[in-house]
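Descriptive structure summary
Take a look at the letters that make up each chain.
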Amino acid sequence: LIIVGTFMARRGEWLAAEAGGVKGMGRWGGLAFVTLCCSFGAYAAGETILPMALHKIEHIQRHELKRVDPLTRFYERRNHWYKDADHYLFLPTFDRKKKEFYEPVIYKADEGKLSEIYEGRILRESAEGWFLVDALVWSVNNPEVKKVDRFEVHLNVNAGNLMDVTGDPRQMTHSEIQRLIEDREKAGFDTAIHILEREQRIGYPLAALALFFLMLPWALQPALRRSMAVNLGVGVVIISVLLSLSHFVRMLALGQKIPVALGGWGLTLVCLVFMPLSYFLYRRRYLV
């Protein structure tokens, strides 16, 4: 926008437009349409090209370079603990094909206090529900240990929820990230970084529009002697400041100092905050 605006000002096109009575969207509507197309293209690429590219990079790192970046290891880290309502499940191993969990231990809480403990050889999901095979049932209020061949456990999750709570959201579409977030929340896991990735899928492309309107009055300035070097230099400084502030907002979100969803909209929010200041400075510089 800065480059196009400077070229058109130096060639006198903005002055010609003003002299011809072209105002408002007649001057910047075409530029806004191009920006909107770029924004939509960025969103489409984030949903299609980017996940495939990141998956290919991860494959090369794992199988050819024999290393995986720390963030990928974090996303793939499997948790053994799961939470479902008042049940806390410890599931050390499982068979993905059979959808069976081995050597499980389930702790049941009543109003936040431990009330019962269930151990078993296998935790298995069937059409009738969840069952522990060769179970031992312990009660806090009763020292007797019950042995049950098949003990029913009332859980509100399915086997997929308990197994598929890992995955790299950078390699997923928006809907897949949302499903992963819901599964992790059901299991009682932190979802802050996953929510950030989901919000960034929309927030970053829309930041292009916010940047457009932030710089629009300066781009339309019709001065014939506008310096390309000065305009580009100022633009680089502004972008650096905005990206630094958006990164700061992201860190606040990861630290849960602010609502996590706002972290993915950091750049857009920073632009919206500085937009009135930009228009004020422009009017003071050129119109007052």
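Since the structure is predicted, the reported quantities are computational estimates derived from the model, not experimental observations. (Residues numbered from 1 in each chain as written. Predicted model: local features only at pLDDT ≥ 70, side-chain atom pairs only at ≥ 80, totals over all residues. Heavy atoms only, no water.)

If you check helix 7 (residues 174-187), its first and last C-alpha atoms are 20 Å apart, about what 14 residues at 1.5 Å a residue would give, namely 20 Å. Within helix 7 the residues assigned to the buried category are Ile-177, Leu-180, Ile-181, Asp-183, Arg-184 and Ala-187. Projected down its long axis, helix 7 carries its buried residues within an arc of 165°, all on one side. Buried residues belonging to helix 7 abut strand 1 (81-84), helix 6 (159-163) and helix 8 (192-219). With its phi angle positive at about 85°, Gly-188 sits one or two positions after the end of helix 7. (Helix = DSSP H or I, 4+ residues; strand = E, 2+ residues; numbered from the N terminus. Expected span 1.5 Å × (residues − 1). Buried < 20%, exposed > 50% of the residue type's maximum accessible area, 1.4 Å probe, protein only. Arc of directions from axis to C-beta. Contact = heavy atoms within 4.5 Å.)

The next point concerns the pattern of salt bridges. Summed over the entire model, instances satisfying the criterion amount to 11 salt bridges. A salt bridge links Arg-62 to Glu-58, with the nearest nitrogen and oxygen atoms 2.3 Å apart. One end of the pair, Arg-62, and the other, Glu-58, are both in helix 4 (residues 49-63), four residues apart, so they sit about a helical turn from each other. Under the relative-accessibility criterion, Arg-62 is labelled partly exposed at 30%. (Salt bridge = Lys/Arg side-chain N within 4 Å of Asp/Glu carboxyl O.)

In this section: the packing of aromatic side chains. Tallying each qualifying case throughout the model produces 11 aromatic pairs. Here the aromatic rings of Trp-81 and Phe-90 are separated by 5.1 Å at their centres, their planes lie at 45°, and the arrangement is tilted. With relative accessibility at 43%, the residue Trp-81 sits in the partly exposed group. Seen from their ring centres, Phe-212 and Phe-213 are 5.1 Å apart, and the 90° between their planes marks the pair as edge-to-face. Looking at Phe-212, the relative accessible area reads 3%, which means it is buried. A relative accessible area of 29% places Phe-213 in the partly exposed class. The structure contains a cluster of three or more aromatic residues connected by ring pairs, namely Trp-28, Phe-212 and Phe-213. Across the ring face of Phe-131, the terminal group of Arg-150 is positioned such that the distance to the ring centre comes to 3.7 Å. (Phe/Tyr/Trp six-rings, centres within 6.5 Å; stacked < 30°, edge-to-face > 60°. Lys NZ or Arg CZ within 6 Å of the ring centre and 35° of its normal.)

Here we come to the packing of helix 8 against helix 9 (residues 228-254). Helix 9 packs onto helix 8 with a crossing angle of 155° between their chain directions and a minimal axis gap of 13 Å. Of the possible angle classes, the one that applies to helix 8 and helix 9 is roughly antiparallel. Considering how the two elements wind past one another, helix 8 and helix 9 form a crossing that is right-handed. Residue-level contacts link Ile-193, Leu-196, Gln-200, Leu-211, Leu-214 and Met-215 of helix 8 to Ile-238, Ile-239, Leu-242, Arg-250, Ala-253 and Leu-254 of helix 9. Among the residues forming the contact of helix 8 with helix 9, the class breakdown is 10 nonpolar, one polar and one charged. (Axes fitted to C-alpha atoms, helices over the stretch in contact; angles between N-to-C directions. Parallel < 35°, antiparallel > 145°, perpendicular 65-115°, else oblique. Left-handed = near helix turned anticlockwise from the far one by under 90°. Nonpolar A, V, L, I, M, F, W, Y, C, P; charged D, E, K, R; others polar.)

All right, on to the environment of Ile-181 then. Its location among the elements puts Ile-181 in helix 7. On the accessibility criterion, Ile-181 (2% relative accessible area) is buried. Remark: the alpha-carbon pair of Ile-181 and Tyr-286, spanning 105 residues in sequence, is separated by 49 Å. The residues touching Ile-181, leaving out its near neighbours within four places in the chain, are Thr-191, His-194, Ile-195 and Arg-198.

Distances and angles like these do not, on their own, reveal function.
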